[in-house]
Amino acid sequence: MAVPVALIRQLCYPSGYRLPKLTRLEYKWKPAEAAKPYSVALARVNPTPMQGNLPNDEYRFFVGKYEKTWMASTCRWCGSLFHNVDGRKRHKDAKCKEKLTRLYARILPNKRCVACNAVTTREYWGLPFCSVVCENTWRFTEPPVFRSYLDREKKQLEAERLFREANAKVD
Ligand SMILES: [Zn+2]
Ligand SMILES: [Zn+2]
């Protein structure tokens, strides 16, 4: 974009003083060289395991970030956000891991990838995954296929809780 010389003159040319000859200012927009492609898109095409910001085991129960320097991770069951190892460890009390482990045990025999729903016999983190690409997707996102398992499981647990409550009242 070129800023009109007349405009600059109007804004900052002091009366009576001679200033150096004005030149046109050119601003050229350049994409930041450090900008990285969107992590999820990158994960979808990467055929080698991507490390991301969590120890590999932790992706079983937490969604991590592709950027290694980012601290954030979220619980796959309740969506709580954590910024360090301690936070994730303290989250044990919430029993989310137990609920997820029970759910994973039910998903595994389906032999359908939890990221893309393709039929597969591969498994990782105790879940069916058709490929490393899908494992990468899992590391940094909550795939819609898994989301639907999760929603169904939560509805089921809620129904069981209501049933127990109703029975408790009868007694
Ligand atoms: Zn949780
Ligand atoms: Zn898959």
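Above this text you will find the structure in question.
For clarity, every value in this text was computed on a predicted model and none was experimentally measured. (Residues numbered from 1 in each chain as written. Chains lettered and ligands numbered in written order. Predicted model: local features only at pLDDT ≥ 70, side-chain atom pairs only at ≥ 80, totals over all residues.)

Student: Go over the sheet that holds strand 4 (residues 73–75), please, and point to the residues and values.
Tutor: The strand order across the open sheet built from 3 strands is 3-4-5, with neighbouring strands paired in antiparallel fashion. This sheet does not close on itself; its edge strands, each paired only once, are strand 3 (62–63) and strand 5 (81–82). By the bridge criterion, 2 bridges tie strand 3 to strand 4 in an arrangement that is antiparallel. Counted as the bridge partner of Val 63 is Thr 74 from strand 4. (Pairing = 2+ DSSP bridges. Helix = DSSP H or I, 4+ residues; strand = E, 2+ residues; numbered from the N terminus.)

Student: Which residues make up unusual backbone geometry, and what are the values?
Tutor: Here Lys 95, not a glycine, exhibits a phi torsion of approximately 65°, which is positive. Here Lys 95 lies in the loop between helix 3 (85–90) and helix 4 (96–107). Of note, Lys 111 is a non-glycine position whose phi angle comes to about 55°, a positive value. Position of Lys 111 relative to the elements: it lies in the loop between helix 4 and strand 6 (123–124).

Student: Describe the environment of Val 45, naming the residues involved and giving the relevant values.
Tutor: Inspection of the secondary structure puts Val 45 in helix 2 (residues 39–45). For Val 45 and Thr 137, which are 92 residues apart along the polypeptide, the C-alpha to C-alpha distance reads 9.1 Å.

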